[in-house]
Amino acid sequence: MHARAYVADTHNDLLCAVVARPVDRWGSFFGERWVPQLRAGGVDLQVLPVFIEDAYRPEGALRRTLRMLEAGRRAAAENADAVRLCLDGADLDAAAASDRIGLVLALEGAHGIGDDVELLETVHRLGVRVASLAHFGRGAFADGSGEDAAGSRLTLAGVRAVAEMERLGMLFDVSHLGAAGVGHVLEVASRPVIATHSSARALFDHHRNLSDEQLRGIAAGGGVVCANFYAPFLHASDFSVNRLVDHLEHLASVAGIDHVGIGPDFLKEVLAETTPPCCEATEVAGVAADEYLPGLEGPAGLPLLTDALLRRGWREDDILAVLGGNVRRLFRAELGVPGAELAAESGRHRPRTFVPPDE
């Protein structure tokens, strides 16, 4: 069943590992190290976020952003037999039809553009189709969830950025955005948004997770919430695939089965590739950095999730929707479609209700 599924992973920071290699190794490293893992996991669509580490902020953020975008483009060009860089729904379909993995470039935090809203069009020309405007801390457009105590909404530039992304056909990503900021986005957005790697706050009260009210708001606008697999965001001590399934079931029960996806945020290999031995990270945003779901430390383990959902009693059509069908539908309808050209009924369908396995 997993082999038949269209699997969409909306968050893997693997570009951080790619760009850490010498320039002439970017394409070959991606092809040798990551393509086999994506194939083993049955991944059909991989979103590649550009994450800017603290050491590059603020002075080096733009240069780092451009360097990582170039790494993503070279990785795609030098592995054209296995992957395809996708700018719109037609590209996604062409990648699937040719048995290639679709790659979508994204910005995580948008640190490289400061508060220059006009630079969103620049990165759009470079292939970016998904973007979040904050990480853990404060930003020019908005505050990250680590700043929730400030209760801050979007800045004026942030409001303008939402409108500009909608004009360009870039999906707005609310993962990492502060709670007040998420509410503000849902007030001003006229197109669907996505949470590329966020789980359920009702099950585990961490600021990186989304409340039920936020889940309902994202679903009401036609968006998708993609569950994060990072163990310390799922539970305080029980780091098992069953806790991930709990979160997926909660997301589906609150947002509706048609509004749930997966955004694993596989960190183990990326951190190992990018953190010097002298400075090994022990915490990420106050939680242990070395706890992972057994077997789900990387893309190759994704069939374990399908198996866990089947064992939990999920229906086949619900599993296929969550593994990637919902994200594919959203991307085909919204990705790269300028606001002025968006048809009123584009990608719309009748939502289905999630039926818990025990009913």
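Before going into details, it helps to say that this report is about the structure given with it. If you're wondering where the values come from, they're calculated on a predicted model, not measured in any experiment.

### A few points about the overall build of the protein chain
Phase 1 of the analysis: Helix and strand counts for the protein chain come out as 12 helices and 11 strands.
Phase 2 of the analysis: Over its C-alpha atoms the protein chain spans a radius of gyration of 19 Å, differing by no more than 12% from the 21 Å that the globule rule assigns to 359 residues.
Phase 3 of the analysis: Projecting the C-alpha coordinates of the protein chain onto the three principal axes gives extents of approximately 55 × 45 × 40 Å.
Phase 4 of the analysis: When the 359 residues of the protein chain are sorted by exposure, 55% land in the buried category.
Phase 5 of the analysis: Put simply, 73% of the contacts in the protein chain that link residues at least 6 apart link residues at least 24 apart.
Phase 6 of the analysis: Put simply, the protein chain shows about 14100 Å² of open surface, and 50% of that area lies on carbon and sulfur atoms.
Phase 7 of the analysis: One finds the centroid of the 34 positive side-chain charges in the protein chain at a distance of 4 Å from the centroid of its 51 negative side-chain charges.

### Quick look at the pairing of strand S4 (residues 101-108)
Phase 1 of the analysis: Of all eight residues in S4, eight are buried; the element is thus mostly enclosed.
Phase 2 of the analysis: Both faces of S4 are covered, namely the face carrying Ile101, Leu103, Leu105 and Leu107 and the face carrying Gly102, Val104, Ala106 and Glu108.
Phase 3 of the analysis: As defined by bridge partners, strand S3 (residues 83-85) adjoins S4 across three bridges and the pair is classed as parallel. Opposite leucine 85, over in S4, you have leucine 103 as the bridge partner.
Phase 4 of the analysis: The pairing of S4 with strand S5 (residues 128-132) spans four bridges and is parallel. Looking across to S5, one finds that glutamate 108 is bridged to serine 132.
Phase 5 of the analysis: For the handedness criterion, the β-α-β arrangement of S4, helix H5 (residues 119-125) and S5 is classed as right-handed.

### Details of the nonpolar core
Phase 1 of the analysis: By size, the foremost hydrophobic cluster in this structure holds 92 residues, and its most contacted members are Phe30 and Leu248.
Phase 2 of the analysis: Here this core takes eight residues from helix H9 (residues 241-255), the largest share from any one element.
Phase 3 of the analysis: Not counting chain neighbours up to four residues away, the residues in contact with leucine 248 comprise Ala227, Val260, Gly261, Ile262, Leu305, Leu309, Trp314 and Val322.
Phase 4 of the analysis: In terms of nonpolar packing, the next biggest core, distinct from the first, is built from 18 residues, Leu92, Ala95, Val104 and Ile194 among them.

### Let's talk about the pairing of strand S2 (residues 43-51)
Phase 1 of the analysis: Most of S2 is tucked away, with eight of its nine residues classed as buried.
Phase 2 of the analysis: Alignment of S2 against S4, held across seven bridges, turns out to be parallel. Opposite proline 49, over in S4, you have alanine 106 as the bridge partner.

### Let's talk about the environment of valine 174
Phase 1 of the analysis: Within the fold, valine 174 resides in the loop between strand S6 (171-173) and helix H7 (179-188).
Phase 2 of the analysis: In this structure, the C-alpha to C-alpha distance between valine 174 and glycine 158, residues 16 residues apart in sequence, is 12 Å.
Phase 3 of the analysis: Setting aside its immediate chain neighbours within four residues, valine 174 contacts Val182, Val185, Val193, Ile194, Ala195 and Ile218.

The rules behind the values
Residues numbered from 1 in each chain as written. Predicted model: local features only at pLDDT ≥ 70, side-chain atom pairs only at ≥ 80, totals over all residues. Heavy atoms only, no water. Helix = DSSP H or I, 4+ residues; strand = E, 2+ residues; numbered from the N terminus. Rg over C-alpha atoms; globule rule 2.2 N^0.38 Å. Buried < 20%, exposed > 50% of the residue type's maximum accessible area, 1.4 Å probe, protein only. Contact = heavy atoms within 4.5 Å. Areas by Shrake-Rupley, 256 points an atom, 1.4 Å probe, with all protein chains shown as cover. Lys, Arg positive; Asp, Glu negative; His and termini not counted. Charge placed at Lys NZ, Arg CZ, Asp CG, Glu CD. Pairing = 2+ DSSP bridges. Right-handed = clockwise from strand over helix to strand, strands pointing away. Core = buried A, V, L, I, M, F, W, Y, C linked by side-chain atoms within 4.5 Å.

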